[in-house]
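# Examination of the molecular architecture
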Amino acid sequence: MSQERSLQNNLRQTRTRLGMSQQDLAGRARVTRQTIGAVEAGQYAPSATVALRLAKALGRRVEDLFWLEEEPPVVEAIPATGVPAGQGQRMALARVDGRWVAHSLMGGSGYRWEMLPIDGDGDWDGVADQMRIRTLDDPEALLRSVAVAGCTPALSLWARAAERWNPGLRVFWTFANSTEALERLARGEVHAAGVHLYDDRSDSFNTPFVRQALPDRTVLLVNLGVWEEGLVVPPGNPKGLIGAADLAQEGVVIINREEGAGSRQLLDRMLSRAHVPPAAVRGYEDLARGHIEVATAVAEGRADAGVTARAVAASLGLDFVPWHQARYDIAIPQSYMEEEPVQQLISTLGHRRVRAQLQLLGGYDTSQTGHVVDLVEPANPPEGAR
């Protein structure tokens, strides 16, 4: 890929910090004042001799004063689901299944209680299959990125630990509920998906949903932890909420999750068992995007209860009513495990320090953390593999 280069300098800034005029510097470097002015204005590229004289006169190295600025490399990327059409998109990039995938960092997608650095920017018209991304980093470095979709804040904790122990590894966590995460994995937008979905018919977690979402692939389920899910309520549980039937009481307002979320699935199951129609629960249609938003709504008094994990409730000093234990797994197509960055990320999951972090969050059973709890074989194996 050809790249245009232009010579940049900070001669003026260095000179003025040292209290030197253009004439002072010209005299010391044995050049004309006009030469100094032309170099500072970017109108003249000095010879090696002049550059060395200037560096010596200022007591700096040549490379401290002059450098080549390259046009950023451009890559063709598939826009991930949710990338809005328009100009000036802030993007995170990951190489997934042999293709660059661009994830939007606009709006809430670009924040995790802090602003995330971008990998590049680009425009998308909302129609084309690909978009051009002007990268801010070497694409070779971006090959070390692993993209993970999921909803638990513990994914961020795991990602930061993995990056600390594997220099050069980059982990991008994109928020998605369990169903959305599997859909993004199936579309080849991410390397791994966090899932906590329960199947009543088979009395099992995650496997049936993974097989349905990726029927043609072999997928590993690596356990992140077994967490307690239930009702988050204000300190002291002032309204005495225990079971799903209590949510239909007069004066009780809940906050719910969007369709496809494991927490909403649990709420619907508990309401069904209690023979409570959703329409009888005030706030059932009021949605929060994620576990933290559910707990925040309760903490701020906008809701009396919502379904989330014990660890999330504890993080905001709220009380918690346990309903069941959910197995949170990381779904990874087996073929991705051949990639070194993915191997590095997964290998840290069973590290004692990661397990200790999860335990300190509260509500996590880490006895299976890092273990492959299931190998989901293709429901539709290719011809010749049967």
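In this report, the structure presented in the accompanying data block is examined. (Residues numbered from 1 in each chain as written. Predicted model: local features only at pLDDT ≥ 70, side-chain atom pairs only at ≥ 80, totals over all residues. Heavy atoms only, no water.)

A count of helices and strands for the protein chain gives 14 helices and 19 strands. In summary, the protein chain has a C-alpha radius of gyration of 27 Å against a globular reference of 21 Å for 386 residues, an excess of more than 25%. Once the C-alpha set of the protein chain is aligned to its principal axes, its extents read approximately 90 × 60 × 45 Å. Each of the 386 residues in the protein chain was classed as buried or not, and the buried ones make up 49%. Restricting the contact set of the protein chain to residue pairs at least 6 apart, pairs at least 24 apart contribute 72%. On the protein chain, roughly 18,600 Å² of surface is accessible, and the fraction owed to carbon and sulfur atoms is 49%. (Helix = DSSP H or I, 4+ residues; strand = E, 2+ residues; numbered from the N terminus. Rg over C-alpha atoms; globule rule 2.2 N^0.38 Å. Buried < 20%, exposed > 50% of the residue type's maximum accessible area, 1.4 Å probe, protein only. Contact = heavy atoms within 4.5 Å. Areas by Shrake-Rupley, 256 points an atom, 1.4 Å probe, with all protein chains shown as cover.)

Soluble, globular proteins show a tendency: their nonpolar side chains are buried together. Counting 70 residues, the largest nonpolar core has Trp158, Leu224 and Ile330 as its most contacted members. Looking at this core, the element that brings in the most residues is strand β13 (residues 219-233), giving seven residues. When sequence neighbours within four positions are dropped, the list of residues in contact with tryptophan 158 reads Leu224, Ile330, Leu345, Ile346, Thr348, Leu349 and Val354. Grouped together as the second largest cluster of nonpolar side chains are 18 residues, Ala244, Val281, Tyr284 and Val307 included. (Core = buried A, V, L, I, M, F, W, Y, C linked by side-chain atoms within 4.5 Å.)

What follows concerns the pairing of strand β3 (residues 74-79). As defined by bridge partners, β3 adjoins strand β7 (residues 131-135) across four bridges and the pair is classed as antiparallel. Counted as the bridge partner of glutamate 76 is arginine 132 from β7. Here β3 pairs with strand β5 (residues 99-104) via three bridges, running parallel. If you follow proline 79 over to β5, its bridge partner there is alanine 102. (Pairing = 2+ DSSP bridges.)

In this section: unusual backbone geometry. In the Ramachandran plot, aspartate 97 falls in the positive-phi region, its phi being about 55° despite a non-glycine side chain. Relative to the assigned elements, aspartate 97 resides in the loop between β4 (86-96) and β5. Here aspartate 97 falls in the partly exposed class, since its relative accessible area comes to 44%. Positive phi, normally seen in glycine, also occurs at asparagine 206, with a value near 70°.

For helix α4 (residues 48-58), every residue scored as buried is listed here: Val50, Ala51, Leu54, Ala55, Ala57 and Leu58. Viewed along the axis of α4, the buried residues span an arc of 165°, placing them on a single side of the element. Opposite the packed face of α4, turned more than 90 degrees from it, sit the exposed residues Ala48, Leu52 and Lys56. (Arc of directions from axis to C-beta.)

The next subject is the environment of alanine 248. In this fold, alanine 248 is placed in the loop between β13 and β14 (254-257). Its relative accessible area of 33% is what places alanine 248 among the partly exposed residues.

In the contact formed by helix α2 (residues 22-29) and helix α3 (residues 33-40), the axes pass within 8 Å of each other and the chain directions differ by 110°. As the angle between them shows, α2 and α3 are arranged roughly perpendicular. The two elements α2 and α3 cross, and the hand of that crossing is right-handed. Contacts between α2 and α3 involve Gln22, Gln23, Leu25 and Ala26 from the first element and Arg33, Ile36, Gly37 and Glu40 from the second. Here the residues of the contact of α2 with α3 sort into three nonpolar, three polar and two charged. (Axes fitted to C-alpha atoms, helices over the stretch in contact; angles between N-to-C directions. Parallel < 35°, antiparallel > 145°, perpendicular 65-115°, else oblique. Left-handed = near helix turned anticlockwise from the far one by under 90°. Nonpolar A, V, L, I, M, F, W, Y, C, P; charged D, E, K, R; others polar.)

Time to look at the packing of aromatic side chains. Using the criterion set out here, one finds three aromatic pairs in the structure. Taking the centre distance of 5.3 Å and the plane angle of 70° together, the rings of tryptophan 227 and tyrosine 328 count as edge-to-face. On the criterion of sequence distance, the pair formed by tryptophan 227 in strand β13 and tyrosine 328 in strand β17 (residues 319-333) is long-range, its members being 101 residues apart. There is no split in this pair, since tryptophan 227 and tyrosine 328 are both buried. (Phe/Tyr/Trp six-rings, centres within 6.5 Å; stacked < 30°, edge-to-face > 60°.)

Among the residues of α2, those classed as buried are Gln22, Leu25, Ala26 and Ala29. End-on view of α2: buried residues confined to an arc of 100°, all on one side of the axis. Facing away from the buried surface of α2 by more than 90 degrees, the exposed residues are Gly27 and Arg28. The secondary structure elements touched by the buried residues of α2 are α1 (11-17), α3 and α4. Directly after α2, the chain includes arginine 30, whose backbone phi takes a positive value near 60°.

Here we take up the packing of α2 against α4. The N-to-C vectors of α2 and α4 enclose an angle of 115°; their axes lie 9 Å apart at closest approach. Compared by their axis directions, α2 and α4 come out roughly perpendicular. Note that α2 runs across α4; the crossing there is right-handed. Contacts from Leu25, Arg28 and Ala29 in α2 reach Arg53, Leu54, Ala57 and Leu58 in α4. Here the residues of the contact of α2 with α4 sort into five nonpolar, no polar and two charged.

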